[in-house]
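Take a look at the letters that make up each chain.
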Amino acid sequence: MALTVTDPRPEVGPGQLFVAGGWRPAGGGDRLDVVDPATGRAVTTVAAASASDVHTAVAAARIAFPEWRDTPARVRARILRQVSALIMARADEIAAVESLDVGKPITLCRAVDVPTAADTYEYYAALALTMEGTQRGVPFPAHAYTRKEPLGVIAAITPFNFPLILSSTKLAPALAAGNTVVHKPAEDTPLSALLMAELLAEAGVPEGVVNVITGLGSVAGEALLTHPGVDAVAFTGSTSVGRHAAAVAGEHLKPVSMELGGNAAHIVFDDADMDQAVDAVIKAFVFNTGQFCMAGPRLLVARSRYEAFLEILGHAVPGIPVGDPFDETTVVGPMAAERHRAKVEEYIRIAREEGGRVVAGGERIPGDGYFHQPTVIADLPPGSRVVREEIFGPVLTVQPFDTEDEAVELANGTSYGLAAGLQTRDVARAHRVAARLDAGIVWVNDWAMLDPAMPFGGVKQSGFGRENGPEALDSYTRTKSVLISLA
Ligand code: NAD
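Small disclaimer: the values here were computed from a predicted structure and weren't measured.

Reading the values: rules and limits
- Residues numbered from 1 in each chain as written.
- Predicted model: local features only at pLDDT ≥ 70, side-chain atom pairs only at ≥ 80, totals over all residues.
- Heavy atoms only, no water.
- Near = heavy atom within 4 Å.
- Polar contact = N/O pair within 3.5 Å; in protein donor to acceptor, adjacent residues only side chain to side chain.
- Areas by Shrake-Rupley, 256 points an atom, 1.4 Å probe, with all protein chains shown as cover.
- Helix = DSSP H or I, 4+ residues; strand = E, 2+ residues; numbered from the N terminus.
- Pairing = 2+ DSSP bridges.
- Axes fitted to C-alpha atoms, helices over the stretch in contact; angles between N-to-C directions.
- Contact = heavy atoms within 4.5 Å.
- Buried < 20%, exposed > 50% of the residue type's maximum accessible area, 1.4 Å probe, protein only.
- Core = buried A, V, L, I, M, F, W, Y, C linked by side-chain atoms within 4.5 Å.
- Parallel < 35°, antiparallel > 145°, perpendicular 65-115°, else oblique.
- Nonpolar A, V, L, I, M, F, W, Y, C, P; charged D, E, K, R; others polar.

Asks: Explain the site of the ligand to me, please; I cannot follow it from the model alone.
Replies: Around the ligand, the structure places 29 residues, and the nearest of them are Thr 158, Glu 187, Glu 222, Ser 238 and Glu 390. Residue Lys 184 places a side-chain N or O atom 2.9 Å away from an oxygen atom belonging to the ligand. Protein contact buries 90% of the 850 Å² of open area that the ligand shows by itself. If you list the elements that add at least two residues to the shell around the ligand, you get α7 (217-226), β10 (232-236) and α8 (239-251). By residue number, the principal contributor to the shell around the ligand is α7, which donates four residues.

Here it is, written out as structure tokens:
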């Protein structure tokens with residue numbers, strides 16, 4: 001059945017670049033369409049920055065850096081707390097823009113994206129006050145201590161799937177530590193970054209401290225990576241672009257943090273609470289329409305429970321409400337762009353070719369938007385590409401296992417290592433398996449438990465560096481040693 005989406009939707013005016021505290025068009029006058037993924041219609045346009053616009057933004061951030069660095073941490077903290085308060089004060093508006101831009105259910109934007117962004121600014125406001133060096137003992141007469149210092153101008157490059165949260169996880173610690181920022185959001189979903197530029201200024205972030213340049217990765221992103229005025233690169237996105245970005249930044253000896261792709265395994269042991277496990281498994285693969293770097297698309301189920309689990313999924317998954325993101329009952333919205341849905345369809349085609357059994361879904365949903373049925377595929381052959389590669393859509397593959405060792409081996413049998421999870425009632429097993437999984441974050445008996453206090457990040461091809469927690473500040477600070485002779 002075709003899916004029709006009805007208005008009203010929020011109106012969004014054309015976006016400009018936010019540089020040195022003001023709005024300006026791209027120098028070359030180029031614009032990009034912003035498309036509502038639920039209708040396929042362009043809702044507005046934003047400026048497409050050129051290399052020369054990037055240069056202007058970096059120059060503004062350079063000029064603003066010394067004063068922001070020397071602003072007392074207490075003042076920076078107060079401003080960041082104000083950012084948090086303003087996000088919550090404008091929560092409905094921000095949620096609506098994020099929903100329109102990405103196709104996320106409005107209920108998800110209100111419950112997760114907006115409050116998480118606010119919490120992140122509040123958390124790093126607190127950490128701004130605790131960034132301290134240490135005094136060290138040395139075996140000669142000297143006063144020896146370390147200082148934590150900001151790096152300078154940070155290029156913050158973010159992906160399409162959680163625009164508001166992932167910009168906050170970079171901007172909040174970078175600003176708390178006294179850096180200035182040039183932020184390039186993803187070309188498909190730039191709207192909340194522009195709203196945040198306005199809101200950061202309103203909160204008292206001085207001009208030039210945060211600059212937002214919308215535009216293509218291959219033009220604006222590339223210009224940022226190579227710009228000599230950029231001191232460090234904080235990148236979140238795909239492993240393939242991340243590899244390129246790290247190589248380019250490496251050529252210029254710029255420090256980088258890399259938050260890249262994922263393909264998490266979710267293990268259901270035979271002793272798991274099955275109702276809890278089913279809920280977590282569904283959440284893990286449909287949350288944000290599966291466009292979640294920490295999604296759990298690879299389900300591993302103890303063989304004794306394998307067929308029963310597939311039967312439960314076969315009944316439950318077709319009942320998940322897919323539809324208009326602005327409908328409060330919607331759980332799964334459209335994919336953010338047609339090319340992402342086409343990629344999902346291609347993997348399902350490969351799965352069928354490889355002899356996979358489609359237990360639920362398997363088809364696009366006709367209509368103007370980029371909707372796809374949540375899909376469950378079992379019985380794929382060992383080594384299947386559909387299991388190994390990051391699909392980044394609402395697709396779950398299911399494999400059986402016989403022993404704990406085999407479950408861990410299958411879970412770790414991918415080049416990625418961002419997240420992993422397991423369902424068990426055995427506490428010893430929970431700790432034992434959590435320790436053996438190659439992942440930056442492990443969840444037991446639930447999925448996607450996230451908080452600004454808990455670090456996440458990758459191992460293997462999922463990247464390096466950590467976002468959230470005090471650990472994130474490592475990507476935005478350097479340590480200086482000072483020794484003063486007392487002789
Ligand atoms: P992407 O790699 O296509 O784009 C990410 C960003 O890089 C965008 O802003 C894009 O414009 C920019 N970019 C593209 N080419 C560039 C270039 N040559 N130089 C500089 N910048 C360039 O990723 P995407 O499709 O937007 O996002 C999905 C991917 O992001 C998935 O692989 C997902 O797993 C990953 N992701 C990772 C995390 C994490 O925390 N590890 C979080 C969210 C998403």
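Asks: Can you help me understand the sheet that holds strand β20 (residues 477-485) in this one?
Replies: Picture the strands of a sheet paired through backbone hydrogen bonds; they go either parallel or antiparallel. If you walk across this open sheet you meet the three strands as β5-β6-β20, and the pairing is antiparallel. Only two strands of the sheet have a single neighbouring strand rather than two, namely β5 (135-136) and β20. Bridge analysis of β5 against strand β6 (residues 142-150) gives two bridges, and the strand direction is antiparallel. When the bridges of β6 are listed, Gln 135 appears paired with Tyr 145.

Asks: Mind showing me how you'd approach the sheet that holds strand β15 (residues 375-378) here?
Replies: Across the sheet, seven strands lie side by side as β14-β15-β16-β13-β12-β17-β18; this open sheet has mixed pairing. Two strands bound the open sheet, and with one partner strand each, they are β14 (357-360) and β18 (441-444). When strand polarity is set aside, the average angle formed by the axes of neighbouring strands in this sheet is 25 degrees. Bridge count for strand β17 (residues 419-423) against β18 is four bridges, and the pairing is parallel. Bridge pairing links Ala 420 to Val 442 in β18.

Asks: How should the environment of Glu 328 be read in this particular structure?
Replies: Note that Glu 328 resides in the loop between α10 (303-316) and α11 (338-353). Taking the C-alpha atoms as reference, Glu 328 lies 7.5 Å from Pro 105; in sequence the two are 223 residues apart. Excluding residues that lie within four positions of it along the chain, Glu 328 makes contacts with Thr 107 and Arg 110. A polar contact is formed between the side chain of Glu 328 and the side chain of Arg 110, at a distance of 3.0 Å.

Asks: Whenever I open this one, the side chain of Thr 477 confuses me. Can you help?
Replies: Structurally, Thr 477 can be placed in strand β20. Residue classification places Thr 477 among the buried residues on the basis of a relative accessible area of 11%. A polar side-chain atom of Thr 477 sits 2.7 Å from the main-chain carbonyl oxygen of Leu 473. In this structure, Thr 477 is in contact with Met 131, Lys 148, Glu 149, Pro 150, Leu 151 and Ala 177, ignoring residues within four places of it in sequence.

Asks: Explanation requested: the nonpolar core in the structure shown.
Replies: Nonpolar side chains in soluble globular proteins generally cluster together in the buried interior. Membership of the largest hydrophobic core comes to 59 residues, with the highest contact counts inside it found for Val 83, Ile 87, Tyr 121, Leu 175 and Leu 200. The element best represented in this core is helix α4 (residues 106-128), accounting for ten residues. Membership of the second largest hydrophobic core comes to 27 residues, among which are Val 58, Ile 157, Phe 235 and Leu 260.

Asks: Looking at this model, I keep getting lost on the packing of α4 against helix α5 (residues 163-176). Mind explaining?
Replies: Two quantities define a packed helix pair, namely the angle between the helix axes and the distance between the axes. At a minimum axis distance of 9 Å, the contact between α4 and α5 shows a crossing angle of 10 degrees. Our classification of the angle between α4 and α5 gives roughly parallel. Counted together, Val 112, Asp 113, Val 114, Thr 116, Ala 117, Thr 120, Tyr 121, Tyr 124 and Ala 128 of α4 and Leu 164, Ile 165, Ser 168, Thr 169, Leu 171, Ala 172, Pro 173 and Ala 176 of α5 form the full contact between these two elements. Classifying every residue of the contact of α4 with α5 by side-chain character gives twelve nonpolar, four polar and one charged.

Asks: Would you mind going over the side chain of Gln 291 with me for this structure?
Replies: As for its position among the elements, Gln 291 is in the loop between α9 (274-286) and β13 (298-302). A relative accessible area of 1% places Gln 291 in the buried class. Look past the residues within four positions of Gln 291 in its chain and what remains in contact with it is Phe 160, Asn 161, Phe 162, Pro 334, Met 335, Ala 336, His 340 and Phe 392.

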